[in-house]
Amino acid sequence: MGEKGVGVGGGGGGGGGRVVVVVRKFDQDKDSRRVEEVERRCEVGPSGELSLFTDLLGDPICRVRHSPSFLMLVAEMVGEGKEKEIVGMIRGCIKTVTCGRKLSRNGRNSNDPTKPLPVYTKLAYILGLRVSPSHRRMGIGLKLVCKMEEWFRENGAEYSYIATENDNQASVSLFTNKCGYSKFRTPSILVNPVFAHRVRLPKRLHIFKLSPSDAESFYRRRFSTTEFFPRDIDSVLNNKLSLGTFVAVYSDSYPTESWPGSDSFLADPPESWAVLSVWNCKDVFTLEVRGASRVKRGFAKTTRLVDKALPWLQLPSVPEVFRPFGLHFMYGLGGEGPRAVKLVKALCGHAHNLAKERGCGVVATEVSSREPLRLGIPHWKRLSCAEDLWCIKRLGEDYSDGSVGDWTKSPPGLSIFVDPREF
C-alpha cells in the first residue's frame, strides 16, 4: 500500500522546515527496535499506581500474525535535516465470522431443517493503536485508523471493530466521536491467578481431550451460530499455540472412559456437559505489574511461600506478577444441562493445572456479560475487567446476507465466541 503524508506543523524551536507524518507499512527489519521504544513510552503508568506492562518478545505483530490476513502500519515523522522518528503504530486483521443466523430455505440443512444456519460476514479488527505521548493531539491516531480502514475496504471487510477499556475516554472518544464507531458489546475479561498448589478436581468426573479435527466438528455443530464464531475455526484449533480442547462430563451420567467421537457424543449427549479450549499466550507475549510497594511485594511472596509449603490447604496465593509472567487463555467455553456450570468450573481447574505445569502466572478468558456459564469461571475481581467495551462500524452498504441487515444495530445474544488469536 502507498504512503500517506500528513502535515503537522512548521519549523519549531530548531528552525527546521515543515514536518510531515508519513503513514506506511511496518518493516520488521528496520522498524522493530523503534516500535518497541514507542511501546515503552506509551506504557508509563501514573506515579504511585500499579501499571500493567506488555512485552511482545521482540515481535511487534505477534498479536495479529496468526489471523488469516493482517497488516501493521507506522506513523513516521519526516522533516528536512531531521532523523526520521516513528511516533505511532496500529495493527489490523481480517477474518470471516458469524454475525447472525437464519433458517435454511434450500435444503442445505437437510438433517434438521428447523436448525438455524450461521450467517457470515467479513470482519476487520483494529488493535494495538499507539501514539507517542509527546505527539498526541496532532491527529496522528485518526490518520492511522483511516489508513487502516482503507486497507480493510480494499480487502472486502464489511465491518470493523475495536476493543478498549470502558473508562479509556481518549480511545472511546476517538472511535465513537471521530471515526464513526458505535458501542456494541460489553464482554467481561475474567482473570484468575495460578496458585502454587494444584486445584483439586471432582472425582466423579471424566475429562476428554479432543483431537483438533474432532474439536472442529464439535464446535461447528454446536457453536457455529454463536456471534463472532470464526469460520476458520480449524486454523485456530490446529495452531501450535492451541493446547487442546477438553470436554467434561460426570461419570454417573456418562460411564464410558473413552471418547466416542463428536458425532456419537452429540447424537446422544449426557444430561450435562461442558467444553473449553486453551491457548498459549505465554509464547506470544508476557505481562508485568509495575509500581507495587515493597509491602505488597512482600505480602505476595509470603502467600506463595505458605501455599507452596502447605499445598493440601488449597490456600489462594498471589502469583509472581511483579516480574514478567505468561498466561493461558481459555476460549470456546460452552455447555448444556443443569450441572454445566459446575463442569465449567472443573474445566477451569483443569486449565489452571495445565497453566501451573507450564509456568504461567494467570489464566484468563473473555465472555459475554450475559453468559450464563460465567458463574462457573473462577476469577479475582481485582485482576479482572467486569465490562470491556467493543465498538463497531459498518464499512460499506453491501451486506453478506439480507436477513441480518445492519449488524451494528443487532441486540446482543447470550454468548460470544472470542478468538484467542486476537486476545
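Quick summary incoming for the structure in this document.

Conventions used here
Residues numbered from 1 in each chain as written. Predicted model: local features only at pLDDT ≥ 70, side-chain atom pairs only at ≥ 80, totals over all residues. Heavy atoms only, no water. Helix = DSSP H or I, 4+ residues; strand = E, 2+ residues; numbered from the N terminus. Buried < 20%, exposed > 50% of the residue type's maximum accessible area, 1.4 Å probe, protein only. Polar contact = N/O pair within 3.5 Å; in protein donor to acceptor, adjacent residues only side chain to side chain. Contact = heavy atoms within 4.5 Å. Core = buried A, V, L, I, M, F, W, Y, C linked by side-chain atoms within 4.5 Å. Pairing = 2+ DSSP bridges. Axes fitted to C-alpha atoms, helices over the stretch in contact; angles between N-to-C directions. Right-handed = clockwise from strand over helix to strand, strands pointing away. Salt bridge = Lys/Arg side-chain N within 4 Å of Asp/Glu carboxyl O. Expected span 1.5 Å × (residues − 1).

Describing the side chain of Glu-76
With respect to the helices, strands and loops of the structure, Glu-76 is situated in strand E4 (residues 69-79). Its relative accessible area of 5% is what places Glu-76 among the buried residues. One polar contact links Glu-76 to Arg-24, side chain to side chain, over a distance of 3.2 Å. Non-local contacts of Glu-76, meaning those with residues more than four positions away in its chain, are made with Val-20, Val-21, Val-22, Arg-24, Arg-34, Lys-84, Glu-85 and Ile-86.

Some words on the nonpolar core
Looking at soluble globular proteins, one finds that nonpolar side chains tend to be buried together. By size, the foremost hydrophobic cluster in this structure holds 65 residues, and its most contacted members are Phe-218, Phe-265 and Trp-407. Considering each element in turn, this core owes the most residues, five residues, to strand E5 (residues 85-102). With residues near it in sequence (within four places) discarded, Phe-218 still touches Leu-210, Phe-223, Val-247, Trp-259, Ser-262, Phe-265, Leu-266, Trp-273 and Val-275. By size, the runner-up hydrophobic cluster in this structure holds 29 residues, among which are Ile-126, Met-148, Ile-162 and Phe-175.

Things to note about the sheet that holds strand E10 (residues 205-210)
The sheet built from six strands is open, its strands ordered E9-E15-E14-E12-E11-E10 with mixed pairing. The open sheet has two edge strands, strand E9 (188-193) and E10, and neither has a second partner. In this sheet, neighbouring strand axes are inclined to one another by 25 degrees on average, regardless of whether the strands run parallel or antiparallel. The pairing of strand E14 (residues 327-336) with strand E15 (residues 362-367) spans four bridges and is classified as parallel. Each residue of the ladder has a partner; that of Phe-329, found in E15, is Ala-364. Contacting E10, strand E11 (242-250), strand E12 (273-280) and E14, helix H4 (residues 212-223) crosses the sheet at an angle of about 125 degrees to E12. Packing against the sheet, helix H8 (residues 340-357) makes contact with E9, E10, E11, E12, E14 and E15, and its axis sits at approximately 25 degrees to E12.

Structural notes on the pairing of E14
For E14, a buried count of eight out of 10 residues is recorded, marking the element as mostly surrounded by other parts of the structure. Note that E12 and E14 share seven bridges and pair antiparallel. Directly across from Trp-279, in E14, lies its bridge partner Phe-329. Taken together, E14, H8 and E15 form a β-α-β motif whose crossover is right-handed.

As for the pattern of salt bridges
Applying the stated rule across the entire model yields 25 salt bridges. Two residues, Glu-37 and Arg-33, come together in a salt bridge whose shortest N-O distance is 2.8 Å. Of this pair, Glu-37 and Arg-33 both sit in helix H1 (residues 28-42), four residues apart, which is roughly one turn of that helix.

Digging into H4
In this model, H4 (12 residues) spans 15 Å end to end at C-alpha, consistent with the 16 Å of a helix rising 1.5 Å per residue. Of the surrounding secondary structure, the elements contacted by the buried residues of H4 are E10, helix H5 (233-238), E11, helix H6 (262-267), E12 and E14.

Focus on the environment of Glu-371
Position of Glu-371 among the secondary structure elements: in the loop between E15 and strand E16 (388-394). Taking C-alpha positions, Glu-371 is 9.4 Å from Gly-334, a pair spaced 37 residues apart along the chain. If sequence neighbours within four positions are ignored, Glu-371 has contacts with Leu-414 and Ser-415. A polar atom in the side chain of Glu-371 sits 3.1 Å from the backbone nitrogen of Leu-373.

Remarks on unusual backbone geometry
One can expect most non-glycine residues to show negative phi and most peptide bonds to be in trans. Positive phi outside glycine occurs at Leu-57, with the angle close to 55 degrees. Among the structural elements, Leu-57 can be located in the loop between strand E3 (51-55) and E4. A relative accessible area of 43% means that Leu-57 is categorised as partly exposed. One non-glycine residue, Phe-228, adopts positive backbone phi at about 75 degrees.

Focus on the pairing of strand E7 (residues 159-165)
It is a general feature of regular strands that their side chains alternate between the two faces of the sheet. Buried residues dominate E7, accounting for five of its seven residues. Where strand E6 (residues 117-131) and E7 come together, four bridges link them in parallel fashion. Each bridged residue has a counterpart across the sheet, and for Tyr-125 the counterpart in E7 is Tyr-161. Where E7 meets E16, seven bridges bridge the pair, whose relative direction is antiparallel. Bridge pairing links Tyr-161 to Ile-392 in E16.

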